[in-house]
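Descriptive structure summary
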Amino acid sequence: MEIKRRDFLKMAAGTSLFLATGAPAMAREQKSLPPEAVGMLYDSTVCIGCRACQPACKQANDMPVEHSTPDSVWDDPIDLSAKTLNIIKVYTTGRGINKDSETDGYSFIKRHCMHCVDPACVSACPVSALKKNQQTGVVSYNKDACIGCRYCQLACPYNIPKFEFDKTFPQIRKCQLCEHRFKDNKFSACCEVCPTGASIFGKVADLQAEAKKRLTLKPGEYYKYPVAHVKSGQVSYRPVAKYQPKVYGEKDGGGSQILMLAAVSFEKLGMPALDEASDASFSENIQHTVYKGMIGPGVLLAGLLFAAYKSTNKKDE
Ligand code: SF4
Ligand code: SF4
Ligand code: SF4
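Residues numbered from 1 in each chain as written. Chains lettered and ligands numbered in written order. Predicted model: local features only at pLDDT ≥ 70, side-chain atom pairs only at ≥ 80, totals over all residues. Heavy atoms only, no water.

Remarks on the overall build of the chain
For the record, the criterion: Only runs of H or I of at least four residues qualify as helices and only runs of E of at least two qualify as strands under DSSP, and these elements are numbered from the N terminus. For each residue, the accessible area found with a 1.4 Å probe, counting protein chains only, is set against the maximum for its type, and the residue is called buried under 20%, exposed over 50%, and partly exposed in between. Here the accessible surface of atoms and residues is derived via Shrake-Rupley with a 1.4 Å probe, and residues count as covered only by protein chains that are part of the display.
Regarding its fold elements, the chain presents 8 helices and 12 strands. Here the chain holds 317 residues, and the buried ones make up 44% of them. Carbon and sulfur atoms form 56% of the exposed surface of the chain, whose accessible area is close to 17400 Å².

Quick word on the sheet that holds strand β2 (residues 87-92)
Test applied: What makes two strands pair is DSSP finding at least two bridges between them.
Here we have 3 strands laid out as an open sheet, ordered β2-β4-β3, and mixed in their pairing. This sheet does not close on itself; its edge strands, each paired only once, are β2 and β3 (98-99). The pairing of β3 with strand β4 (residues 105-111) spans 2 bridges and is classified as parallel. Bridged to K99 within β4 is Y106.

A word on the site of ligand 2
To keep things clear, this is the line we draw: When at least one non-hydrogen atom of a residue lies within 4 Å of a molecule or strand, that residue is treated as near it. Put simply, Ala, Val, Leu, Ile, Met, Phe, Trp, Tyr, Cys and Pro go in the nonpolar bin, Asp, Glu, Lys and Arg in the charged bin, and everything else, Gly too, in the polar bin.
Around ligand 2, the structure places 14 residues, and the nearest of them are C113, M114, C116, C121 and C156. Each residue belonging to the shell around ligand 2 can be placed in one class, and the counts come to 12 nonpolar, 1 polar and 1 charged.

Focus on the site of ligand 3
Lining the immediate surroundings of ligand 3 are M40, C57, N61, N86, H112, C175, L177, C178, S188, A189 and C190. Split into classes, the residues belonging to the shell around ligand 3 amount to 7 nonpolar, 4 polar and no charged.

Notes on the sheet that holds strand β1 (residues 38-43)
Which entries qualify depends on this criterion: For every element, the axis is a line fit to its C-alpha atoms; helices are fit only across the contacting stretch, and the angle between N-to-C directions ranges from 0 to 180 degrees. Any two residues whose heavy atoms approach within 4.5 Å are treated as being in contact.
The mixed open sheet is built from 3 strands, whose spatial order is β9-β1-β12. In the strand order of this sheet, the two ends are held by β9 (199-203) and β12 (258-261), each with one partner. The mean angle between the axes of side-by-side strands here comes to 25°, regardless of whether they run parallel or antiparallel. Bridge count between β1 and β12: 4 bridges; the pairing is parallel. Following the sheet pairing, D43 is matched in β12 by L261. Docked against the sheet, helix α6 (residues 204-215) engages β1, β9 and β12, running at close to 130° with respect to β9.

Things to note about the pattern of salt bridges
In plain terms, the rule: Basic side-chain nitrogens of Lys or Arg form a salt bridge, by our definition, when they fall within 4 Å of a carboxyl oxygen of Asp or Glu.
Counting across every chain of the model gives 16 salt bridges. Close ionic contact of R214 with D43 constitutes a salt bridge, the shortest N to O distance being 2.9 Å. Of the two residues, R214 is situated in helix α6 and D43 in strand β1; the sequence distance between them amounts to 171 residues. Per residue, the accessibility class of R214 equals that of D43, and both read buried. Sharing partners across several salt bridges, the network here consists of D43, E210 and R214.

Quick word on the nonpolar core
Basically, it comes down to this: Among buried residues, the Ala, Val, Leu, Ile, Met, Phe, Trp, Tyr and Cys ones that are joined through side-chain atoms within 4.5 Å form a nonpolar core.
Counting residues in hydrophobic clusters, the biggest one holds 51 residues, and the most contacted among them are Y42, M114, Y158, Y248, M260 and M271. Mapped by element, the contributors of at least two residues to this core are β1, β2, β4, α5 (189-193), β9, α6, β10 (222-226) and β12. In this view, Y248 contacts M114, Y158, I258, L259, M260, F266, M271, P272 and L274; residues no more than four positions away in its chain are not counted. Membership of the second largest hydrophobic core comes to 9 residues, among which are C121, A129, F163 and I172.

Structural notes on the packing of aromatic side chains
To be explicit about the condition: By convention, a stacked pair of Phe, Tyr or Trp rings (six-membered ring in the case of Trp) has centres within 6.5 Å and planes under 30 degrees apart, an edge-to-face pair has planes over 60 apart, and any other such pair is tilted. By definition here, charges over rings are those cases where NZ of Lys or CZ of Arg is within 6 Å of the ring centre and within 35 degrees of the ring normal.
Overall, the coordinates contain 7 aromatic pairs when judged by the stated rule. Taking 5.0 Å as the distance between ring centres and 75° as the angle between the ring planes, the aromatic pair formed by F163 and F165 counts as edge-to-face. Over the face of the ring belonging to F163 we find R150, whose NZ or CZ atom lies 5.4 Å from the ring centre.

So, helix α2 (residues 53-60)
Counting buried positions along α2 gives 6 out of 8 residues, so the element sits mostly inside the fold. Of all the positions in α2, only C53, Q54, A56, C57, K58 and A60 are classed as buried. Backbone geometry just downstream of α2 places D62 in the positive-phi region, at approximately 50°.

Any functional reading would require information that these geometric values do not contain.
The structure is reproduced here in structure tokens:
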């Protein structure tokens, strides 16, 4: 039986809690979506891989270009990084000639922060440098509060937060849903420029309804896909693909404000298979119990001091 790293960490944490306090690990109640939460629907079947969303993201967020090789002349990141907050990746199989097919096919997938409903990064951050907005649900980052411990990187089930290792005063970098544009009545730059409506912005409730509606459409029939914003009124008229019967992000990992549809299985597209319970609802209880009254750290420190004392005595002998 294969044990995944995250499951191992959960198991180890639960055992440590039991050993340190004698209490079994209990989950706290999972957090729910704010009613006015905003997010994005990414439909892989509508994505043409033009990558217009990548430079738009860089421009809107003052991010530098990135070269995958020293002689590269383009901004051509190969994955998310401290310089790249949004990336379009491609899955291929066999000859890679049939769009949205698992036989000799290919399919695009857009990766960035999922703006989780109950974010593990927020829960893990010891100084609240990562926060979830109570109205919009956007998970944002405060560089002035961050102490660079990188717990958020370890906690995130999607491997999203990146650290600026090459900077003297490094920050964590991740998509913040272009929250800084909201005050000017603008929304996510990647959705604004997407020509096909593969990425659309809106209220999560509207995006969920739109995603579920698409799952009822007949493959091959034409559908008016909203472009840029779920309520924009602009549409792109295109044939419907054969969808996987799942809205990724609706429940995965406790749910997220980024929702996804695809014709190729999400696992093949590199999306993690997560429980419906959020990691944060489990781990936060452990942190709070272990740190309650500093009993756990006290036990650990006493153990370390005892081990050091024994080792010093042995040397003296
Ligand atoms: S701009 Fe839209 S269609 Fe082009 S790569 Fe990005 S998500 Fe896909
Ligand atoms: S995807 Fe990762 S970084 Fe983004 S909100 Fe969820 S836990 Fe935090
Ligand atoms: S919402 Fe903004 S920061 Fe996030 S991926 Fe899109 S353009 Fe980049």
